[in-house]
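Chains, contacts and geometry: an overview
What follows is the residue order along each chain.
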Number of protein chains: 4
Amino acid sequence: MANVNIFKFGVSSPADTSPMQRLKTVGYESKDILAVIGKSEGNGCVNDFSRTLSTHVWEPQIPESAVTIFSGGTEGVLSPHVTFIVHDPKPTGLVAAVGRTRLLAPHEIGTSEHALQVASSVRGLMDQSGIRKEHVHLVLIKCPLLTSSKVEAIKAAFKTPVTTDTYESMAKSRYASAVGIAVALQEIEEGQLEAAMRNEDRWSSKASCSSGAELEDCHILIIASDPSFGSLRAASAFMKDAIDARTIIKILDQIKNEGGHVVQVFAKAEADPTGKIRGTRHTMNTDSDLHSTRHARAAVGGLIAGLTGDTQIYVSGGAEGQGPPGGGSLCILYELGGLA
Amino acid sequence: MANVNIFKFGVSSPADTSPMQRLKTVGYESKDILAVIGKSEGNGCVNDFSRTLSTHVWEPQIPESAVTIFSGGTEGVLSPHVTFIVHDPKPTGLVAAVGRTRLLAPHEIGTSEHALQVASSVRGLMDQSGIRKEHVHLVLIKCPLLTSSKVEAIKAAFKTPVTTDTYESMAKSRYASAVGIAVALQEIEEGQLEAAMRNEDRWSSKASCSSGAELEDCHILIIASDPSFGSLRAASAFMKDAIDARTIIKILDQIKNEGGHVVQVFAKAEADPTGKIRGTRHTMNTDSDLHSTRHARAAVGGLIAGLTGDTQIYVSGGAEGQGPPGGGSLCILYELGGLA
Amino acid sequence: MANVNIFKFGVSSPADTSPMQRLKTVGYESKDILAVIGKSEGNGCVNDFSRTLSTHVWEPQIPESAVTIFSGGTEGVLSPHVTFIVHDPKPTGLVAAVGRTRLLAPHEIGTSEHALQVASSVRGLMDQSGIRKEHVHLVLIKCPLLTSSKVEAIKAAFKTPVTTDTYESMAKSRYASAVGIAVALQEIEEGQLEAAMRNEDRWSSKASCSSGAELEDCHILIIASDPSFGSLRAASAFMKDAIDARTIIKILDQIKNEGGHVVQVFAKAEADPTGKIRGTRHTMNTDSDLHSTRHARAAVGGLIAGLTGDTQIYVSGGAEGQGPPGGGSLCILYELGGLA
Amino acid sequence: MANVNIFKFGVSSPADTSPMQRLKTVGYESKDILAVIGKSEGNGCVNDFSRTLSTHVWEPQIPESAVTIFSGGTEGVLSPHVTFIVHDPKPTGLVAAVGRTRLLAPHEIGTSEHALQVASSVRGLMDQSGIRKEHVHLVLIKCPLLTSSKVEAIKAAFKTPVTTDTYESMAKSRYASAVGIAVALQEIEEGQLEAAMRNEDRWSSKASCSSGAELEDCHILIIASDPSFGSLRAASAFMKDAIDARTIIKILDQIKNEGGHVVQVFAKAEADPTGKIRGTRHTMNTDSDLHSTRHARAAVGGLIAGLTGDTQIYVSGGAEGQGPPGGGSLCILYELGGLA
């Protein structure tokens, strides 16, 4: 169980690693890094090479045991940045664990096997680090997707891909990761995993999963609270729909009442699959120029940035299994006491 | 000076005129309509044929003196709908006037002559209807843009288009309209019109302008308050930037304190031209897949929909001269007393 | 069996019906029109309102028995235009028949029932008009798609949509139409229809199908040759892949040898589903900014326009069941003798 | 004057450097590389990080004196690949020279100073390597563009950017590079450079320029013929418009007649700025969902791939000053004798 601190810095492009220097100025070294989480400025979809570029430039900068999680898409007011999760010698109030699943074969992506691997890895990380499920506020995962080449490789091996639509494979991969998280956190019983995969109707409010072509395993970050110490805290909840300002405001008010200030927000967003929000039609699922995940990030990003006054937030699109349909999981990290 | 009432209804497509029937059920006829204002579900840019389609189906349904103002783009959570401004026999608290400029020749679009025509028409409408500038809360304008054909026609006539970039012509047209409004409302002195056009640095917080290929004149709607009567009220302000939740919340709180409820919101949104919001980089101006007006509508739409709990709101992209750079004009119509 | 002539004219926008006047100048009346076929300038996908707009303005101009077939998407060099199929009192060398299926319920779109209805309607039209399958060169169909609202309506009725992805529903609808055509032309045995629908592996080189939100039945146009008379001729073939210039050049050479000139080209285009063309990777299926049908129209449109020197051609994207995978059906109408 | 050979290989992603191994199998080492030219699979516009990623992975693989030139955008049938220009100990029939301009300050991009620097560098390279202008077939340049940050930096220094529209800055940069090439090749007199920059009406049929955010100087590659030796040859011409198949076929026929086969094609493509091709309207300049350079690459790529049967070709969008308006420069490298 690693005590962790959290820092975020803007980047001038997906290739910008200057935050490494800024991290040093606040007293941490490369070796302290557990995870680099970023919002990069591509389309957040299949051919988002901003994520791949960021992964390329960051991986040589961090320990081999550390993970990168780059979520593409800074639509609307969202601002490209990286968030460091760093090991801290003293208790801070937050603890974390990071790891990876084994490599997933292309035909496993988005399947029960994918979910099982995630469940097993998350559970293993919790066991090793002594994190108890009641204290977990966020399980952040980066998981692979299917490209045309992978689809063909699967077919050539006489196996069946979970879908032949590369964009849809991102959703399938996110859902499998979310189910794996829910099983590890005992939100879904292990015996229900297959049914959850088949029915696509279960969700975890702690899960935040994002797909990418830049990796073939799943990168995992677990953040939990240890509130007897330090000044860092976490609050988690879920947005009921994409305009659920009430839930966000409630947490922000609570943070204010505790005399705290927000350090980082992790939110998932999606277009309501019914095509409606509170009974009124939206057009995110019929816009063939712009994928619904881009719409959702822009809208929910606009709302949270407005409420927090901060555009360097982690809003990720595609919330299958990560909060209720049309809504999304929400985790806010904050610090008690005045701004440093 | 026409006393007006306001109603809004969802549409199932840009061709849906069923709100006409719903208007009748609340007691108004086609002849009562002063304006049909809509958010239609196209890209809101040059080739947005959802606007043209809506205009085509609505114009035969309304009096010749009435105007249509369709703003394309329901990115994110925004919901396609139409808002009717209807004449009411009794005082309601709101008054309105509608009209048109003369047809603008292609080479006039976005120029000082365009601004002058708007100024003159807005002033004329105010004079005729006895609306005083102090009472104006919103001047909504739909104005033309340049297509490839129009650019060529201008060149063939040995004249110079304001720009040869069709998307940019939308911004030039909006700015000229906004300057015209500001002159009519005496926010800019008439003698300063040329300078305002040249420097592109002036703005009106009452102006809301939107460009389209579906018309060749400017359609104008002026909404003013007459608060000695009735239960309808207007509040106007401007967002300082695209995440200015504070200004919106302040008005919403005031409405709540008056015991009112929101009927409709008219907001302009834009990508901050400096590439930054509160000092932090955004990517709306470097995204070559998605025009900045689409980004801005999605983000500001997400914020206002979250704060009002309503997705059938009028959020329009491209706020040149309509509120401060990076921000936008804001007008909220509301009704005192409980919901009908 | 109607003898037909064919004319095409450019349009200045999807709302432009001025070709009606031009048709009159060449001696035909509205009552002579069997079909108006157009390329309109939208995205050719789910939310293409240019098609709906064109349908709206054209339907009042033509006989009730006539059909409209608007295919969206004039990517690259393609030029928006309409093609008239008009009844001619004297034999021309070409004959045609037009009709409609019954309305398809949303849950039927893209299913075997859809294919059966098309098969039955095409067969009925051939029987009534005495067109024999050996003479058919083209069966052009406009068929419906699923929107978010239709998907919800299906679910509310406890039925299952063929897909919940609105863009994918276009492909499913095209394929069902193509299978129906193939059955009617006895390219697929009737008993094989179900298997063809299940395996998605059959195709007709005479089929050209395009989906749209603007209709709920299928519009059908059959073009056949009657070469004992007149000077109009048809040639049909299929492109083996999206760069199959050889097949096109072969037909063009034959036309030249016969002393003819091209009147119109009808081609289907698609991204090879394997992600490769002649063994080399393409990126149309992994581009999340631009749907593969748009890519394919642009590329094949560029090739055919280059070879014919004409950009007012009918190139339609999404060739499921319409020519071999990655290729597409091809029909060229031409006239013997010098240019009129 | 370096004798050069040319090889091309497909890539599986913008991060794929496996062609390095393939180059070795044909007998060349990293130290032999003069230039790596690639088509990468981004949008080819301002935020194309596929180019940046390719540059990142390739630059450590090649000599410091070598240059990378990555052109984004493999729309339609185009296939991502890299082309190596390698030094050959013996005469091949082709010679080349590579170099760079000095870094351009942001305010210089797209200006006369930019053109002058290119002219001077191209001339210097020709002088040093003994290449005579009559033998030059292609000058390929990668040049910088303006981002939001660069625009702000320029304004902060009280200087004026050539444009504030980041996408338009790409065109301005390409044009300045093309004028520089034309001056160096004496297609434009040096005294006419300022006028050429002002009037934007001059062009070179040897210039092929592409802009990107991934560099701040201009990378230059000159290819010339030395036909007394070897079996490699070059042919250059220009396409008169985007459907000018005749010019391409003429060169391909000549190559066939000489018993040669095509090794690589370098073509520039653009949307005709008049909005018409051979008098007929196109929609590339009014499509706000898809920039005209993407349209043009897809269409011209489809044509050339069809005519050559090869999709691994270099077709680049935005031909300002590189061939006549609406057309583009064209250079085909070929080898005499049978395929190796």
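Residues numbered from 1 in each chain as written. Chains lettered and ligands numbered in written order. Predicted model: local features only at pLDDT ≥ 70, side-chain atom pairs only at ≥ 80, totals over all residues. Heavy atoms only, no water.

In the annotation of an unreviewed UniProt entry, chain A is listed under the name Cyanuric acid amidohydrolase and assigned to Phialocephala subalpina. We quote the UniProt Sequence similarities (unreviewed entry) comment for chain A here in full: "Belongs to the cyclic amide hydrolase (CyAH) family." Quoted straight from UniProt, the Pathway (unreviewed entry) entry for chain A says "Xenobiotic degradation; atrazine degradation; biuret from cyanurate: step 1/1." (UniProt positions renumbered as here; feature names shortened; annotations may be inferred.)

1. Considerations on the relation of the copies chain A and chain B
It takes a turn of 180° to lay chain A on chain B, together with a shift of 0.0 Å along the axis; the resulting RMSD is 0.0 Å. Given the turn and translation reported, the copies of this chain are related as if by a two-fold rotation axis. Looking at the rotation axis and the C-alpha trace of chain A, the residue lying nearest is leucine 303 of chain A, at 2.0 Å. Taken together, the interface assignments show that 100% of the residues at the interface of chain A recur at the interface of chain B, consistent with an identical surface on both copies. (Least-squares fit on C-alpha atoms with pLDDT ≥ 70 in both. Contact = heavy atoms within 4.5 Å.)

2. Observations regarding the pattern of salt bridges
Evaluated as defined, the whole model comprises 88 salt bridges over all chains. The partner of arginine 123 of chain B in a salt bridge is glutamate 190 of chain B, and the shortest N-O contact between them spans 3.1 Å. Here arginine 123 of chain B is found in helix H3 (residues 112–129), whereas its partner glutamate 190 of chain B is found in the loop between helix H5 (166–184) and helix H6 (193–199), with 67 residues between them in sequence. Under the relative-accessibility criterion, arginine 123 of chain B is labelled partly exposed at 27%. Under the relative-accessibility criterion, glutamate 190 of chain B is labelled partly exposed at 43%. Measuring nitrogen to oxygen at the nearest pair gives 3.9 Å for the salt bridge that ties aspartate 48 of chain C to arginine 51 of chain C. For the pair shown, aspartate 48 of chain C and arginine 51 of chain C are each scored as buried. A network of salt bridges, in which partner residues are shared, links Glu75, Arg294 and Arg297 of chain A, Asp287 of chain B together with Asp289 of chain C. (Salt bridge = Lys/Arg side-chain N within 4 Å of Asp/Glu carboxyl O. Helix = DSSP H or I, 4+ residues; strand = E, 2+ residues; numbered from the N terminus. Buried < 20%, exposed > 50% of the residue type's maximum accessible area, 1.4 Å probe, protein only.)

3. A look at the relation of the copies chain C and chain B
With an RMSD of 0.0 Å, the operation that places chain C on chain B is a rotation of 180° combined with a shift of 0.0 Å along the axis. Mapped onto chain B, 100% of the interface residues of chain C again fall at the interface, so both copies present the same surface.

4. Overview of the packing of aromatic side chains
All names here are of chain D. Going through the model one piece at a time under the given rule, you end up with 20 aromatic pairs over all chains. Here the aromatic rings of phenylalanine 266 and tyrosine 314 are separated by 5.4 Å at their centres, their planes lie at 50°, and the arrangement is tilted. Placement of the pair is phenylalanine 266 in strand S10 (residues 260–269) and tyrosine 314 in strand S13 (residues 314–317), with a sequence separation of 48 residues. Relative accessible area serves as the criterion here: at 1%, tyrosine 314 is assigned to the buried category. (Phe/Tyr/Trp six-rings, centres within 6.5 Å; stacked < 30°, edge-to-face > 60°.)

5. Points about the pairing of strand S7 (residues 207–212) of chain C
All names here are of chain C. Most of S7 is tucked away, with six of its six residues classed as buried. Burial along S7 is two-sided: the residues Ala207, Cys209 and Ser211 and Ser208, Ser210 and Gly212 are all buried. In this structure, strand S6 (residues 136–144) lies alongside S7, joined through six bridges in parallel fashion. Paired with isoleucine 141 across the bridge in S7 is cysteine 209. (Pairing = 2+ DSSP bridges.)

6. Focus on the UniProt feature "binding site: Mg(2+)" (unreviewed entry) in chain A
Residues and elements named next belong to chain A. In the UniProt entry, the feature "binding site: Mg(2+)" (unreviewed entry) is given for Glu270, Ala319, Gln322, Gly323, Pro324 and Gly327. These annotated residues cover 58 residues of sequence, and their C-alpha atoms all fall within 9.9 Å of one another, placing them together at a single site. Note that glutamine 322 resides in the loop between strand S13 (314–317) and strand S14 (328–336). Excluding anything up to four places from it in sequence, glutamine 322 contacts Arg174, Ala178, Trp203, Ser204, Ala207, Ser208, Cys209, Lys268, Gly328 and Ser329. A polar side-chain atom of glutamine 322 sits 3.3 Å from the main-chain carbonyl oxygen of glycine 318. Note on proline 324: relative accessible area 12%, which makes it buried. Not counting residues up to four positions away in its chain, the partners in contact with proline 324 are Trp203, Phe238, Met239, Lys240 and Glu270. (Polar contact = N/O pair within 3.5 Å; in protein donor to acceptor, adjacent residues only side chain to side chain.)

7. Thoughts on the environment of alanine 178 of chain C
Residue and element names in this part refer to chain C. Positionally, alanine 178 belongs in helix H5 (residues 166–184). Since its relative accessible area comes to 1%, alanine 178 is described here as buried. Each C-alpha atom, one on alanine 178 and one on serine 204, is 6.7 Å from the other, the two residues being 26 residues apart in sequence. Those residues in contact with alanine 178 that sit more than four places away from it in its chain are Ser204, Ala207, Cys209, Glu320, Gly321 and Gln322.

8. Let's talk about helix H8 (residues 292–308) of chain A
Residue and element names in this part refer to chain A. The terminal C-alpha atoms of H8 lie 24 Å apart, and with 17 residues this matches the ideal 24 Å at 1.5 Å per residue to within 8%. Of all 17 residues in H8, 16 are buried; the element is thus mostly enclosed. Glycine 309, located one to two residues past H8, shows a positive phi value of around 70°. (Expected span 1.5 Å × (residues − 1).)

9. A short note on the interface of chain A and chain B
Across the contact, 38 residues belong to chain A and 38 residues belong to chain B. Together, the buried faces of chain A and chain B total about 2,700 Å²; carbon and sulfur atoms form 57% of this surface. When the area that chain A buries against chain B is broken down by residue, the three leading residues are Val77, Ile243 and Arg281 of chain A, summing to 22%. Linking chain A with chain B are four salt bridges, by the criterion used here. The shortest N-O distance in the salt bridge between arginine 294 of chain B and aspartate 287 of chain A comes to 2.9 Å. Between chain A and chain B we count 14 residue pairs in polar contact (both at pLDDT 80 or more) in total. Breaking the side of chain A that touches chain B down by element, the ones donating at least two residues are strand S12 (280–281) and H8 of chain A. Counting residues per element, the side of chain A that touches chain B draws most heavily on H8 of chain A, at nine residues. (Buried area = accessible area lost by both parts, 1.4 Å probe.)

10. A few points about the sheet that holds strand S2 (residues 33–40) of chain A
All names here are of chain A. The mixed open sheet is built from eight strands, whose spatial order is S3-S2-S4-S1-S5-S8-S6-S7. Looking at the sheet topology across the chains shown, the edges are occupied by strand S3 (67–72) and strand S7 (207–212). Adjacent strand axes in the sheet meet at a mean angle of 25°, parallel and antiparallel pairs treated alike. (Axes fitted to C-alpha atoms, helices over the stretch in contact; angles between N-to-C directions.)

11. Observations concerning the domain arrangement of chain A
Residues and elements named next belong to chain A. Each assigned domain of chain A is listed with its residue range as follows: domain 1 (2–224) and domain 2 (231–336). Inter-centroid distance (C-alpha atoms) of domain 1 to domain 2 is 18 Å. Buried surface at the junction of domain 1 and domain 2, summed over both partners, amounts to about 3,300 Å²; 60% is from carbon and sulfur atoms. Across the domain 1-domain 2 interface, the total number found is four salt bridges. Note that arginine 174 is salt-bridged to glutamate 320, the shortest N-O span being 2.8 Å. At the junction of domain 1 with domain 2, the criterion picks out 23 residue pairs in polar contact (both at pLDDT 80 or more). Of all the elements in the fold, those that place two or more residues in the side of domain 1 that touches domain 2 are strand S1 (2–10), S2, S3, strand S4 (81–87), strand S6 (136–144), helix H5 (166–184) and S7. (Domains from an automatic or database assignment.)

12. Brief notes about the pairing of strand S6 (residues 136–144) of chain B
Residues and elements named next belong to chain B. S6 sits mainly inside the fold: nine of its nine residues count as buried. The pairing of S6 with strand S8 (residues 219–225) spans six bridges and is antiparallel. The partner of leucine 140 across the bridge, within S8, is leucine 221.

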